[in-house]
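Per-entry structural report
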Amino acid sequence: MICFILSDLRRLWVGSLVVVLLVALATALGVSVVLQERALRLGSARAADKFDLVIGAGGSETQLVLSSVFLQPSPLPLMPGEVLGKLAADPRVDWAAPIGFGDSFSGYPIVGTTTMLAQNLSGGLAEGEIFSHEGEAVIGAAVKLSLGGEIKPMHGSLEEGGETHTELVYHIAGRLRPTGTAWDRAILVPIQAVWHIHGMEAEEHAEDGEHEHEAASGADNAEPAHAPEKAGADHDGHEHHGEADPDAALDESWTAGAPGLPAILVKPKTIADAYKLRQDYRSGNTVAVFPGEVLTNLYATLGDAKQILVAVASGAQALVAASLVLVTVIHIGQRRRQIGALRAFGAPRGAIFGIVWLEFFFLMAVGIALGFVLGYAAALILSGMFSQTSGVAMPVGFAREDAWLAAVLLAFATILAALPAVLAYRQSPAQALRA
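Turning to the environment of A48, a few remarks are in order. As for its placement among the helices and strands, A48 is situated in helix α2 (residues 13-48). In sequence terms A48 and V69 are 21 residues apart; their C-alpha atoms lie 6.5 Å from each other. Residues within four places of A48 in sequence aside, it is in contact with V69, P291 and L295.

Bringing a nonpolar patch on the surface into the picture now. Residues L17, L21, L25, L370, V373 and L374 make up a contiguous nonpolar surface patch of about 510 Å² in total accessible area. Contributions of two or more residues to the nonpolar patch are made by α2 and α10 (349-390). Here L25 is to be found in helix α2.

Right, let's get into the pairing of strand β10 (residues 170-176). In terms of burial, β10 is largely enclosed, as six of its seven residues are buried. In the sheet, strand β5 (residues 125-128) pairs with β10 via three bridges, with the strands oriented antiparallel. Pairing of L125 across the sheet is with L176, part of β10. With four bridges connecting them, strand β6 (residues 136-139) and β10 associate as parallel partners. Along β10, the bridge assignment pairs E136 with H171. Sheet analysis places strand β7 (residues 150-151) next to β10, joined by two bridges and oriented antiparallel. Counterpart to I151 in the pairing with β10 is Y170.

What follows is about the packing of aromatic side chains. Inspection of the entire model under this criterion finds five aromatic pairs. Taking the centre distance of 5.7 Å and the plane angle of 40° together, the rings of F51 and W183 count as tilted. A residue pair is termed long-range when its members are at least 10 positions apart, and F51 in the loop between α2 and β1 (53-57) and W183 in the loop between β10 and β11 (187-190) qualify at 132 residues. No difference in accessibility class separates F51 from W183, as the two residues are buried. Taken together, a centroid distance of 5.9 Å and an interplanar angle of 35° make the contact between F372 and F398 tilted. Placement of the pair is F372 in helix α10 and F398 in the loop between α10 and α11 (401-426), with a sequence separation of 26 residues. Overall, the relative accessible area of 43% leaves F398 in the partly exposed class.

What follows covers the environment of V373. Following the sequence through the fold, V373 ends up in helix α10. Exposure remark for V373: the relative accessible area of 52% places this residue in the exposed category. It is 9.5 Å that separates the C-alpha atoms of V373 and T27, two residues lying 346 residues apart in sequence.

Moving on, we get to helix α3 (residues 61-68). When α3 is considered as a whole, its buried residues turn out to be L64, V65, S67 and S68. For α3, the angular spread of buried residues about the axis comes to 170°, placing them on one side. Where α3 begins, the side chain of S60 points an oxygen toward the backbone nitrogen of T62, at a separation of 3.5 Å.

Here is what the cut-offs are and how they apply
- Each chain carries its own residue numbering, running from 1 in the written order of its sequence.
- Side-chain atom pairs in this predicted model are given and counted only at pLDDT of 80 or more, local residue features only at pLDDT of at least 70, and totals for whole chains, interfaces and linings cover all residues.
- The side-chain values count all of the structure's non-hydrogen atoms but skip hydrogen atoms and water molecules.
- Secondary structure elements follow DSSP: runs of H or I of four or more residues count as helices, runs of E of two or more count as strands, with numbering from the N terminus.
- Contacts were defined at the residue level, with two residues in contact if any of their heavy atoms lie within 4.5 Å.
- For patch building, the residue pool is restricted to those with more than 30% relative accessible area and no salt bridge; the joining distance is 9 Å between like charges and 5 Å between nonpolar side chains (Val, Leu, Ile, Met, Phe, Trp, Tyr).
- The method behind every accessible area is Shrake-Rupley, applied with a 1.4 Å probe, and residues are considered shielded solely by the protein chains displayed.
- Put simply, a salt bridge is a Lys or Arg side-chain nitrogen that is within 4 Å of an Asp or Glu carboxyl oxygen.
- Residue exposure (1.4 Å probe, protein chains only): buried if accessible area is under 20% of the type maximum, exposed if over 50%, otherwise partly exposed.
- At least two DSSP bridges between two strands are required for those strands to pair.
- Centre distance within 6.5 Å is the pairing criterion for rings of Phe, Tyr and Trp, where only the six-membered ring of Trp is used; planes under 30 degrees apart are then read as stacked, over 60 as edge-to-face, and the remainder as tilted.
- The arc refers to the directions leading from the helix axis to the C-beta atoms.
- Definition of a polar contact: a pair of N or O atoms within 3.5 Å, with one able to donate and the other able to accept a hydrogen when the atoms are protein atoms, and with sequence-neighbouring residues admitted only if both atoms are side-chain atoms.

Right under this line is the structure:
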């Protein structure tokens, strides 16, 4: 029987190939959706694990996490600089790192921060040393620049007409180890250098919220809502720039007079401290969030999108199934003489049923297996493209529940293959030979 099936497949190889490809493409669509959605969840969750608590001004919690954890450019309101001083002096805080955005270089975001964050972000440096002067920078593992190279910060982006700062040129002092996060594509510079080149001097801040206007990056509180994607626009006809000394030593002793900030990354000493800090800074002019909680809400939205994509994939698979039914009916009609001859030579109906069923089930099983391979390859390509642009590592892999998907598809193939087998089973040899 097996030899007969293989001989038949070789003779009808074109039609067999079409059936395999149809099944493979339909399967690959569903598999790639499942794998890509899982990779996005795992990648974003691992990226958020690097940060315990994020504190920012009142506003969208989702945007605060996207901007501070995933470095997505967007306008953020500024909170008073005195918040940083309070956190630095809080005994419940291991360390607090201010961050400021808005500048870029060669497509890489420049993030103003502290030596503490640079040291703890990736567990050390892959090469070089931490910046110790205003004119030094540390680059992420995925930044394609060399140690000692020059970085000329641009406010905004080149594509959108950003303006290059002439106040300071950074020199690369070190490179971080890979983190699998968006920070692998970031350029870290001293926050005080960012303040200086944007003319943000330390001053006493009133508590009435005078510094709670929107600024894209927190790097320029004289330019409301000045995000990288809006760089080059007319901001009341003036730009505020200051002076920076590349050889100036860093002063990371924070006081109440620090300039306004879009976000502060906080490392609490204990889990209990984290929840207390979150409660304390969720009132008034600030908001404190656990990135993981915010991602949970995003996952709910992502889950709805996944259901839509799965429905589309299921629809495609249903169309493929209908096409296969049509193909098999035509195929059985063309093989009526062959089936009649087999019956005339004494082949029982059960054997005819088994031959036809095994032949079509084999084709669909091969198509399903090929579809899993193609779906995995497609997910790898998509994840690689996303990681290349965002810096977030997207782990693609099969899980135990994927075995259920394979089982369901094989069960469906078992039923679908029975259709042509039943048609062949019901044909009488006399009618088949007269056709």
